[in-house]
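One letter stands for each residue in the lines below.
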Amino acid sequence: MSNNGSQNQDLSEPRLHSKTRDASFLLDAGFSIRDMQRKPPDTPSKPFFGAGGSMLRQFDEHHAGLTRKSSVESPTATPPRSVVGIGGKVAKPDYTEAKIVLAMVGLPARGKSFLSNKLMRYLKWLEYEVKVFNVGQLRRTRAKVRREQSGVKEDHTAGYFSHNNQEATRLRDKLAEDSLEMLIQWLKEGGNVGIHDATNSTRDRRAKISTRVAREKGLVVIFLESLCDDPAVIAANVALKVSSGDPDYKNMSRKEAERDFLERIRLYERVYETITEPDLSYLKIMNVGNQVTLCNIHGYLQSRIAFYLMNLHIKPRSIFFSRHGESVYNVQGKIGGDSPLSVRGRDYASALPGLIHDNIIDANLTVWTSTLQRTIETAQDLDFPKLTWKALDELDAGVCDGMTYEEIEAAYPEDFANRDDDKFNYRYRGGESYRDVVVRLEPIIMELERQENILIVGHQAILRCLYAYFHNLPQADLPYIKIPLHTVIKLTPKAYGCDEERYTLPIAAVDTHRPKPKATKQPQILVPSSAREYYDDKPQ
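Predicted, not measured: the structure shown is a model, and the values here were computed from it. (Residues numbered from 1 in each chain as written. Predicted model: local features only at pLDDT ≥ 70, side-chain atom pairs only at ≥ 80, totals over all residues. Heavy atoms only, no water.)

A. Seen up close, the nonpolar core. Among the nonpolar cores identified, the biggest contains 77 residues, and Phe-321 and Leu-466 are the most heavily contacted of them. Here this core gets nine residues from one element, more than from any other, and that element is helix 17 (residues 460-471). Leave out the neighbours within four places in its chain, and Leu-466 touches Phe-321, Leu-392, Leu-441, Ile-444, Ile-445, Leu-448 and Ile-456. Membership of the second largest hydrophobic core comes to 28 residues, among which are Val-105, Phe-133, Ile-209 and Cys-295. (Core = buried A, V, L, I, M, F, W, Y, C linked by side-chain atoms within 4.5 Å. Buried < 20%, exposed > 50% of the residue type's maximum accessible area, 1.4 Å probe, protein only. Helix = DSSP H or I, 4+ residues; strand = E, 2+ residues; numbered from the N terminus. Contact = heavy atoms within 4.5 Å.)

B. Up close: the pattern of salt bridges. Summed over the entire model, instances satisfying the criterion amount to 33 salt bridges. Between Asp-173 and Arg-205 there is a salt bridge, with the nearest N and O atoms lying 2.9 Å from each other. Note that Asp-173 is positioned in helix 5 (residues 166-188) and Arg-205 in helix 6 (residues 203-214), a separation of 32 residues in sequence. Taking the relative accessible area as the measure of exposure, Arg-205 reaches 16% and is therefore buried. Of the charged contacts in the structure, one is a salt bridge between Lys-284 and Glu-225, with a shortest N-O distance of 3.9 Å. Separated by 59 residues along the polypeptide, Lys-284 in strand 7 (residues 282-286) and Glu-225 in strand 6 (residues 220-227) bring together distant segments of the chain. Exposure class is identical for Lys-284 and Glu-225. Each is buried. Within this structure, Lys-118, Arg-121, Arg-317 and Glu-449 form a network of salt bridges that share partners. (Salt bridge = Lys/Arg side-chain N within 4 Å of Asp/Glu carboxyl O.)

C. Geometry of the packing of helix 5 against helix 6. Following both chains from N to C, one finds helix 5 and helix 6 inclined at 30°, their axes separated by 11 Å at the closest point. Taken together, the axes of helix 5 and helix 6 lie roughly parallel to each other. In terms of crossing hand, the pair formed by helix 5 and helix 6 is right-handed. Here Arg-172, Asp-173, Ala-176, Leu-180, Glu-181 and Ile-184 of helix 5 lie close against helix 6, whose contacting residues are Arg-205, Ile-209 and Arg-212. A per-class count over the contact of helix 5 with helix 6 returns four nonpolar, no polar and five charged. (Axes fitted to C-alpha atoms, helices over the stretch in contact; angles between N-to-C directions. Parallel < 35°, antiparallel > 145°, perpendicular 65-115°, else oblique. Left-handed = near helix turned anticlockwise from the far one by under 90°. Nonpolar A, V, L, I, M, F, W, Y, C, P; charged D, E, K, R; others polar.)

Note that all results are geometric; they support no functional claim without further evidence.
Below, the structure is given as structure tokens:
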């Protein structure tokens, strides 16, 4: 235990395991775990990929060139490429060979859309091209177009989903096939992961998908089955479905809508066939993460998908972001460094515990800080467990560390202009780019997804990256997200996004936000709604 009350957790033992008939996915991803059987929920356990753990150490070693240099280095270590010459732009990773059809499987109200949207957000944050093709959205969109043309509203109540209704079954099969064709075409045009969000609940349907994808060179298909036998989870999903504006239940009372939706589920249950086909590549997830089964998962991207899904849960929780209190360097206009708090920054640190206790949370909370003193000082009076993460250290400004922007422009005019031109991709001489920071923060995302209530006391660039992940914001806008000093941002994950609240303390601080230079119009960072979308953005 350090004298600031924070601690580094020993996370050498895996918490998260799952049974697999093919454990090579971890070897492909650089891990050496053979038996992947998850422990029961009540078994004391440690995080699989957490602060200080073996998984994080392997990740840090693999990406050593992107992290802040250690004070003790191997004499034969190769310096990061960025140290040589002036700074420059970092190229986007070449993911052109990654082509995956990820087909969802599961009954209604089992969390398929939740999983597909979470996965899409994660992979897009890592700069893969990902798109969800939701068959229900396609059905509603086409029905809406026909209604506008004919004035007749189609009946999509429970009877439409009965397999005894031959005409409706033919129409639903056609929708699934059309959606798959759109997905395949999108992959051919440059996409990486197309998610086929449908029930795909029979062996026959899955065989058709496998056969169709096999005709396309370079495409592979993985099935992701979401199972749920927790009555509380199912009830919550049903309630969300009938209360969130689904056009299928427009002008119905909530009671009528719930009765009809439960009947739809029963009709699917009569013909539902869980995945048992030994030749398929698949993941099975029980109760959104309580148990995970993997089969025939190979390669880096497939392993990455599996690893992320293994960390998810749906327990109610909130994630809080706060920058450190105003620092001496903030007042002086300098970037980076490891300066202490200013007088006003210390005032914020003193007031922060009251804000947290009185207005934000009365549940268990863990505080994460970086290893830099301004975050540790800001969190020192918070009476919650604390963890320090080196991965949360501020973006490394390299040779510009400790300089003002005016000094950087005078000393390195070419670097200054290039960074203004493309702030996300520009890597400081001997330092990092925002793209490098996103890579560095991947283990933080993994750990955040498996934790409950977390307060991160961090830095502007770091919190911008994490904020962009939770709100699914484009990378080009990421460096211009406003994360003001002396403000706590509360994010509450929902099924289809995050709700946000902000709490600002009346303690003055400098404004460190730097607008996009030479822009005729500043980027408008719009926080997406957490409500579900029921129609395609483009009718098909």
